[in-house]
Amino acid sequence: MFLCFLTLSLINTEQCKVDTDCPSEKSCEQGHCIDPCTLRGACGANALCKTVLHRPRCSCPSCFIGRPQVECKPDPKCTDESSSVPRDPQEQILCANDNDCPDSLQCGEYGQCVDPCQNPQFICRGHKKCETRRHQPLCVCKTGFIVNEYGELTCAPEKRECYRDDDCASNMACAEGKCRNPCIVRVGRTPICSANKSCEVQNHRPVCICMKDCQPSVSICLRDAGCPTGLACRNYQCVDPCEFAQCAPNSPCIVEDHKPICKFCPPGFIADSRYGCQKET
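Calculation notes
- Residues numbered from 1 in each chain as written.
- Predicted model: local features only at pLDDT ≥ 70, side-chain atom pairs only at ≥ 80, totals over all residues.
- Heavy atoms only, no water.
- Helix = DSSP H or I, 4+ residues; strand = E, 2+ residues; numbered from the N terminus.
- Contact = heavy atoms within 4.5 Å.
- Areas by Shrake-Rupley, 256 points an atom, 1.4 Å probe, with all protein chains shown as cover.
- Buried < 20%, exposed > 50% of the residue type's maximum accessible area, 1.4 Å probe, protein only.
- Salt bridge = Lys/Arg side-chain N within 4 Å of Asp/Glu carboxyl O.
- Disulfide = S-S within 2.5 Å.
- Pairing = 2+ DSSP bridges.
- UniProt positions renumbered as here; feature names shortened; annotations may be inferred.
- Polar contact = N/O pair within 3.5 Å; in protein donor to acceptor, adjacent residues only side chain to side chain.

## Quick look at the overall build of the protein
- Counting its secondary structure elements, the protein contains 1 helix and 22 strands.
- Restricting to contacts in the protein with at least 6 residues of sequence separation, those with at least 24 account for 25%.
- For the protein, the exposed surface amounts to about 19,400 Å²; the carbon and sulfur share of it is 51%.

Structure representation (structure tokens):
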């Protein structure tokens, strides 16, 4: 009976050899262009059928779930039409490829436009969320970017504990919007201090304190007040600030209260690195 029906349906149809000889909503069957959705078994029971690029695309109608190629069954969790809660219209968009879907969706394996961010296998970690752009899922920052303690751009946390070091306790530093111990580094990063030194936080900054095999000649400082008046604190070391000053040849550099000062020698005087200007003899 089915063969007779198919034979009768082919009367007065377009002849073809391949699918491309037919319109996109038809396929070539036994030398004739027909709608493949009219063939028995094109889709499962209760499924909707739409021909896309010569092929039948099956989908379950609203309030039905299942495999549309096999059978669609009523969804017990579905909200009926009398409810005030509307169903998502995106579930009913049929497609053959991603271009048939909005940019925020992609064509799923069952010929329907779906949100790839709903795929449980696609996970965004840290302070990131999933967004679909040009049909592809991407992990993007939830609340913008910040610069971490290594000078790298990273995602900002949803709730900031701090914006600057002064927002934290003196033994903590502001890193990625949170107050953290700057002596603690991430796995794989180079430690702040060498093995024979201990890291301590002073005024939001990590300071390495020698614990063993120390050299007595090496000292550290935190500010100029920790050095003799003729020296200044640079990189936790007491050094002569005149080494970094740029004075004219006839202007000797002297240190006053830890600060380098260029002195100008008038005519008849010569520059002396220790005593400033000395009268010529």
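## Points about the environment of Ile-209
- Structurally, Ile-209 can be placed in strand β16 (residues 205–210).
- Judged by relative accessible area, Ile-209 falls into the partly exposed class, the value being 22%.
- Sequence separation between Ile-209 and Lys-197 is 12 residues; the distance between their C-alpha atoms is 5.2 Å.
- Sequence-distant contacts of Ile-209, defined by excluding residues within four places in its chain, comprise Asn-196, Lys-197, Ser-198, Glu-200 and Ile-220.

## What to know about the pattern of salt bridges
- For the structure on display, the rule yields 7 salt bridges.
- Salt-bridge contacts for Arg-234 lead to Asp-224; the nearest nitrogen and oxygen are separated by 3.9 Å. With a gap of 10 residues between them, Arg-234 in strand β17 (residues 232–234) and Asp-224 in the loop between β16 and β17 connect regions that are remote in the sequence.
- Owing to a relative accessible area of 34%, Arg-234 belongs among the partly exposed residues under this scheme.
- The network of salt bridges with shared partners includes Lys-129, Glu-131 and Arg-133.

## Here we look at the state of the cysteines
- Inspection of every chain in the model, using the stated rule, returns 16 disulfides.
- Here Cys-95 connects covalently by a disulfide to Cys-107, the sulfurs 2.1 Å from one another. Measuring handedness by torsion sign, the sulfur bridge of Cys-95 and Cys-107 sits at about 95° and is right-handed. In this pair, Cys-95 is assigned in the loop between β6 (71–74) and β7 (106–107) and Cys-107 in strand β7, connecting sequence segments 12 residues apart.

## Description of the pairing of strand β4 (residues 55–59)
- As defined by bridge partners, strand β3 (residues 48–52) adjoins β4 across 5 bridges and the pair is classed as antiparallel. In the strand pairing of β4, Val-52 is matched with Arg-55.
- Counting the residues that bridge the hairpin from β3 to β4 gives 2 residues, and of these Leu-53 lies at a positive phi of roughly 55°.

## Side note on the UniProt feature "domain: EGF-like" (unreviewed entry) in the protein
- UniProt records the feature "domain: EGF-like" (unreviewed entry) at residues 36–73, 116–156 and 241–278, using the numbering of this structure.
- Helix makes up 0% of residues 36–73 and strand 45%, whereas the separation of the span's terminal C-alpha atoms amounts to 23 Å.

## What to know about unusual backbone geometry
- For Asn-46, which is not glycine, the phi dihedral falls at a positive 70°.
- The phi dihedral of His-54 is positive, around 75°, even though this residue is not glycine.
- If you trace the backbone, His-54 turns up in the loop between β3 and β4.

## Details of the pairing of strand β10 (residues 136–141)
- Across 6 bridges, the pairing between strand β9 (residues 128–133) and β10 is antiparallel. Looking at the pairing, Glu-131 lines up with Leu-138 of β10.
- Between β9 and β10, which pair antiparallel one after the other, the connecting turn spans 2 residues, and Arg-134 there sits at a positive phi close to 55°.

## Observations regarding the environment of Asn-203
- Its place among the elements puts Asn-203 in the loop between β15 (197–202) and β16.
- Along the primary structure Asn-203 and Ala-173 are separated by 30 residues, whereas in three dimensions their C-alpha atoms are 8.6 Å apart.

## Some thoughts on the side chain of His-204
- Along the chain, His-204 falls in the loop between β15 and β16.
- Taking the relative accessible area as the measure of exposure, His-204 reaches 8% and is therefore buried.
- Within the structure, His-204 has its side chain in polar contact with the backbone oxygen of Ala-169 (distance 3.2 Å).
- Aside from chain neighbours lying at most four places away, what touches His-204 is Asp-165, Asp-166, Cys-168, Ala-169, Ser-170, Met-172, Ala-173 and Pro-182.

## Points about the side chain of Asp-165
- By the secondary structure assignment, Asp-165 is in the loop between β12 (153–155) and β13 (173–175).
- Only 2.6 Å separates the side chain of Asp-165 from the side chain of Arg-205, close enough to count as a polar contact.
- Other than its neighbours up to four places away in sequence, Asp-165 contacts Ala-173, Cys-174, His-204 and Arg-205.

## A short note on the environment of Cys-16
- Locating Cys-16 in the fold gives a position in the loop between α1 (2–9) and β1 (27–29).
- Once you skip the residues sitting within four places of it in the chain, Cys-16 turns out to touch Asp-21, Cys-22, Cys-28, Glu-29, Gly-31, His-32 and Cys-33.

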